[in-house]
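Below, each chain spelled out in residue letters.
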Amino acid sequence: MKNTAMFWVVATTMVLISLTIMATMNFPFNWVFYITVIGQIMLVYMVFKVLTDNYTTDKTFKDFYEDYPISGEIN
């Protein structure tokens, strides 16, 4: 897999959304508890993977947003 950091973002998001649905639908407490613990572990690991990802760019803060470059703005 080329971008494992993005995989962990998607997987963690799906687990935590599922957890929210399970808690709302009154699933048994042990299911909700175990999925909560798994989701918390996944969240910590996801943050680690995103922060240690080997990502480089030539953009700077002067570029602002790519879809709305601030350099083209007239003052």
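The sections below set out a description of the structure shown in this document. (Residues numbered from 1 in each chain as written. Predicted model: local features only at pLDDT ≥ 70, side-chain atom pairs only at ≥ 80, totals over all residues. Heavy atoms only, no water.)

## Describing the side chain of Thr 12
Next, step 1: Within the secondary structure, Thr 12 is located in helix 1 (residues 4–24).
Next, step 2: Of the residues examined, Thr 12 reaches a relative accessible area of 2% and is grouped as buried. (Helix = DSSP H or I, 4+ residues; strand = E, 2+ residues; numbered from the N terminus. Buried < 20%, exposed > 50% of the residue type's maximum accessible area, 1.4 Å probe, protein only.)

## Structural notes on helix 1
Next, step 1: Compared with the 30 Å implied by 1.5 Å per residue over 21 residues, the 30 Å span of helix 1 between its first and last C-alpha is a close match.
Next, step 2: Those residues of helix 1 that fall on the buried side of the exposure criterion are Ala 5, Ala 11, Thr 12, Leu 19 and Met 22. What you see down the axis of helix 1 is that its buried residues fit within an arc of 125°, all on one side. Away from the buried face of helix 1 by more than 90 degrees, exposed residues Thr 20 and Thr 24 are located.
Next, step 3: Buried residues along helix 1 sit in contact with helix 2 (29–51). (Expected span 1.5 Å × (residues − 1). Arc of directions from axis to C-beta. Contact = heavy atoms within 4.5 Å.)

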